[in-house]
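# What the coordinates show
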Amino acid sequence: MTEANDFEPVIVAFCCRYCAYNAADLAGSLRLAYPPNVRIVQTQCSGSVDPRMILKAFESGADGVIVAGCMPGDCHFMEGNFRAAARVAHTKTMLEEIGLGADRVEMVYMSAAMGRTFADTVTNFTEQIRELGPSPAGRGPKPGEPAQQ
Amino acid sequence: MIVAERKPFDDILRMLGDARRVMVLGCRTCVAVCLAGGDREVELLASELRLKARIDGRELTVIEKSVERQCDREFLDPLAEDLADVDAVLSLGCGCGVQLIAEVYDDLLVLPGLDTKLIGVTESEGQWSERCATCGHCVLDITGGVCPFARCSKGLLNGPCGGSQDGQCEINPDIPCAWQLIYDRLRKLGRLDQLSKIIEPRDWRTSRDGGPRTVTRPEAQIAKKSEE
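Along every chain, residues carry numbers that run from 1 in the direction the sequence is written. Throughout, the order in which chains and ligands are written sets their labels, letters from A for the former and numbers from 1 for the latter. Confidence filtering applies because this is a predicted model: local features only for residues at pLDDT of at least 70, side-chain atom pairs given and counted only at 80 or more, and all residues used for totals across whole chains, interfaces and linings.

On to the sheet that holds strand S3 (residues 64–69) of chain A, then. All names here are of chain A. Whether two strands pair comes down to DSSP finding at least two bridges between them. Numbering of helices and strands runs from the N terminus, with a helix taken as a DSSP run of H or I at least four residues long and a strand as a DSSP run of E at least two residues long. Judged by pairing direction, the sheet is parallel, and its 4 strands sit side by side in the order S2-S1-S3-S4 without closing on themselves. What marks the edges here is a single partner per strand, and that holds for strand S2 (38–43) and strand S4 (105–109). The mean angle between the axes of side-by-side strands here comes to 20°, regardless of whether they run parallel or antiparallel. Judged from the 5 bridges that link them, strand S1 (residues 11–16) and S3 form a sheet pairing that is parallel. Bridge pairing in S3 links Phe-14 to Val-67. We call two residues in contact when the distance between their C-beta atoms, placed using the backbone, is within 7 Å. Under this scheme, a helix contributes an axis fitted over its contacting stretch, all axes are lines through C-alpha atoms, and angles between N-to-C directions fall in the 0 to 180 degree range. On the sheet, helix H2 (residues 20–29) packs against S1, S2 and S3 and is oriented at approximately 115° with respect to S1.

The structure is reproduced here in structure tokens:
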């Protein structure tokens, strides 16, 4: 096994409670395997995910972040997923300018019935991050620096 | 409100140089509303700076702070303790905020994190446009509430210039012709006769041409009088 294959990325998935969170649940009920690298954070809506939360995830040691919202047109709050997409796009520019790379964050869409899509999405994203390697920002705060909440 | 925009990240890094302890100081008034320098933007920039420092292997401590208004001393004075051991303050206030911090803390390196752009209004979410040029002598009563200095590209007081097309400015077709707006508005108000009057040349000393300006209200200077 190569060194690259030994790397187990830490993925944070911000999942809307009306779709992706249930899709993750369904993936489990269907006994679909997906990488244990994913830490799921339930949100009221993908539109409530602020770029601050994404950057904090990276500060706390994430190697990649997924924001998962409802299918376009299906947002419980009408346009939360579109707002999320715009914010993820903005976050990509920030990640690019600090040298983390825009590919470490992605916006994805799915419905609560798409358990297999959830499993496939996080599997593919985990591989994408595995390819990119560990976050250059490292796992956590440097000694002497307070941990960010 | 005063509308500002954050400086490019590379410019901010260059200004900060090798500072190891930095306060990112937000302002909760105008620049918070235009999403440039409020609490949220302070958090974002602080996160970016910390991540960048980690990537570069540099030691950097970022203190996050915001005040109600950076343009009032009373909100800056309580920062003394927090500022005691910082190498620099990165102000996310407008140019006024940056300068007042530098006046209050005259031995401190104060850096501008924003470019102050204009005095304007919110057109729609995420879009602001200029309305006031702070000329110091308002003429909105005779121009139907549309400012020819701030909104006419040529600043014409007896317009229009004749170059506008389809109601748009010839300098920038994305903005409406101010004099078209003035005409439309005065017609709606039934005050088109205003346009037949020639507006005399302005005394521009009330604007920037007279140098830095001050406003004094003696009746509000109670504290100053009691000191005397």
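All names here are of chain B. Pairing between strand S6 (residues 114–124) and strand S7 (residues 127–132): 5 bridges, direction antiparallel. Directly across from Ile-119, in S7, lies its bridge partner Cys-132. If you look at the hairpin formed by S6 and S7, you'll find 2 residues sitting between the two strands, and Gly-126 has a positive phi there, around 75°.

Counting residues at the interface gives 13 residues for chain B, matched by 16 residues for chain A. Among the elements that line the side of chain B that touches chain A, the one with the most residues is helix H3 (residues 39–56) of chain B, at 10 residues.

Looking at chain B, the domain boundaries give domain 1 (2–118) and domain 2 (137–210). Start and end positions for the domains come from either an automated domain assignment or a database one. Relative placement of domain 1 of chain B and domain 2 of chain B: their C-alpha centres are 38 Å apart.

Generally speaking, nonpolar side chains in soluble globular proteins are found buried as a group. Counting 87 residues, the largest nonpolar core has Ile-11, Ala-20 and Ala-68 of chain A together with Val-24 and Val-31 of chain B as its most contacted members. Here Ala-20 of chain A is in contact with Cys-15, Ala-68, Gly-69, Met-110 and Phe-118 of chain A, once residues within four sequence places are set aside. Joined through C-beta atoms within 7 Å, a set of buried Ala, Val, Leu, Ile, Met, Phe, Trp, Tyr and Cys residues constitutes a nonpolar core. Between the buried cut of 20 or more and the exposed cut of 12 or fewer other C-beta atoms within 10 Å of a residue's own C-beta lies the partly exposed class, and all C-beta atoms are placed from the backbone. Within the second largest apolar cluster, 9 residues are counted, among which are Cys-152, Cys-169, Ala-178 and Trp-179 of chain B.

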